[in-house]
Amino acid sequence: LQISKSIDGGKNWETIFSSNSNHANFIAPFVIAPSNNDILYAGAKRIYKSINGGNNWNAQNILNGTTISCIGVSYTSADTLIVATGNSRSPVFEIFSSTNGGTTWIKSNSPIPNRYPTDIAFDPTNSSVAYITFSGYGTSHVYKTTDAGLTWNDISGNLPDIPTQSIVVDKYSPTSIYVGTDGADQIYGIQFDRNGFPYIMGTTTSNAWPIINAPYN
């Protein structure tokens, strides 16, 4: 895991963090807190945190001995974050949450797929609501929490049984969520009403995700 920083629009770069490559996933996660861009979190076998734009880093406790696969930080609180673990060498797939900037962590006991966690996204207006995606086959691929990561519910609905790699919550319409899969040219979107129930074009559904054609070369 190595992180570089530019303060001139990418003309010059400075390495601000480096960790033993054996202690991080091939694509190691790091995020900037949306509410405070001086706070960064990076994931290797443990979470590393900076509160001064990457100039200094604090190594936090190892969660379960497996490397971190993805990190999500609340839009409204830099201290509220969710991380998931997993890799191909020691696949312990678990989800942890913290509301004090990583000082302490709580492991979720909700049943989740025994698959690689790929992405985490928070509702931009509500730190209690977040989503996580999973890769692999033969299981569900999208889950939702309404208690900041303590418990999770499957909202995969009619999504295809293929690896799901990314998820985005619309900043301006947070009831609209989009996921990206390994399917060719396939992006799916779903919308929730103000009570948290999924619907499409005003009709309540059973977590039905319509495909969105996204032409690209």
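Residues numbered from 1 in each chain as written. Predicted model: local features only at pLDDT ≥ 70, side-chain atom pairs only at ≥ 80, totals over all residues. Heavy atoms only, no water.

1. Focus: the overall build of the protein
In step 1: Helix and strand counts for the protein come out as 0 helices and 20 strands.
In step 2: Within the span of the protein, comprising 217 residues, buried residues form 47% of the whole.
In step 3: Put simply, of all contacts in the protein between residues at least 6 apart along the chain, 39% involve residues at least 24 apart.
In step 4: In the structure as shown, the protein presents an accessible area of about 11000 Å², 49% of it carried by carbon and sulfur atoms. (Helix = DSSP H or I, 4+ residues; strand = E, 2+ residues; numbered from the N terminus. Buried < 20%, exposed > 50% of the residue type's maximum accessible area, 1.4 Å probe, protein only. Contact = heavy atoms within 4.5 Å. Areas by Shrake-Rupley, 256 points an atom, 1.4 Å probe, with all protein chains shown as cover.)

2. Overview of the side chain of Q60
In step 1: Turning to its location among the elements, Q60 is positioned in strand β6 (residues 58–62).
In step 2: With sequence-adjacent residues up to four places away left out, Q60 is seen in contact with R46, I47, K49, G101, G102, T103 and W105.

3. Side note on unusual backbone geometry
In step 1: Positive phi, normally seen in glycine, also occurs at A148, with a value near 60°.
In step 2: Among the structural elements, A148 can be located in the loop between β13 (142–145) and β14 (153–154).

4. Looking at the nonpolar core
In step 1: Formed by 13 residues in total, the largest nonpolar core has its most connected members in Y41, I47, I71, L81, V83 and W105.
In step 2: Counting only elements with at least two residues in this core, the list comes to β7 (68–73) and β8 (81–85).
In step 3: A total of 3 residues in this core trace back to one element, the largest contributor, which is β7.
In step 4: Residue contacts for L81: discarding those within four places in its chain leaves Y41, I71, G72, V73, F96, S97, S98, G101, G102, W105 and F122. (Core = buried A, V, L, I, M, F, W, Y, C linked by side-chain atoms within 4.5 Å.)

5. Observations regarding the confidence of the model for the protein
In step 1: Across the protein, the average pLDDT comes to 85, with 82% of residues at 70 or higher.
In step 2: Residue range residues 199–206 is modelled with pLDDT below 50. Its contacts to residues more than four positions away, or to other chains, number 12 contacts. (pLDDT = per-residue confidence, 0-100.)

6. Comments concerning the environment of A44
In step 1: Mapped onto the elements of the fold, A44 is located in the loop between β4 (40–43) and β5 (46–50).
In step 2: A relative accessible area of 1% places A44 in the buried class.
In step 3: Sequence spacing of A44 and T66 is 22 residues, and the spatial spacing of their C-alpha atoms is 8.6 Å.

7. Looking at the pairing of β4
In step 1: Of the two faces of β4, the one holding L40 and A42 and the one holding Y41 and G43 are both buried throughout.
In step 2: Note: strand β3 (residues 30–32) against β4, 3 bridges, orientation antiparallel. What sits directly across from F30, in β4, is A42.
In step 3: Pairing of β4 with β5 involves 4 bridges; the strand directions are antiparallel. In the strand pairing of β5, A42 is matched with Y48.
In step 4: Counted along the chain from β4 to the antiparallel partner β5, the turn is 2 residues long. (Pairing = 2+ DSSP bridges.)

8. Side note on the sheet that holds β8
In step 1: Sheet architecture is open: 4 strands sit in the order β7-β8-β9-β10, paired in antiparallel fashion. Unpaired on one side and paired on the other, β7 and β10 (106–107) mark the two borders of the sheet.
In step 2: With 5 bridges joining them, β7 and β8 adopt antiparallel strand pairing. By the bridge assignment for β8, C70 is matched with A84.

9. Observations concerning the sheet that holds β13
In step 1: Reading across the sheet, the 4 strands line up as β11-β12-β13-β14 and stay open at both edges, with antiparallel pairing between neighbours. Strand pairing shows two members of the sheet lacking a second neighbour, β11 (117–123) and β14, which therefore form its edges.
In step 2: Summarising the sheet, β11 and strand β12 (residues 126–134) pair through 6 bridges and their orientation is antiparallel. Note that in β12 the partner of D123 across the bridge is N126.

10. Here's the deal with the pairing of strand β15 (residues 164–169)
In step 1: Bridging between β15 and strand β16 (residues 176–181) involves 5 bridges; their strand directions are antiparallel. Looking at the pairing, I167 lines up with V179 of β16.
In step 2: Here β15 folds back onto β16, and the loop between the two strands holds 6 residues.

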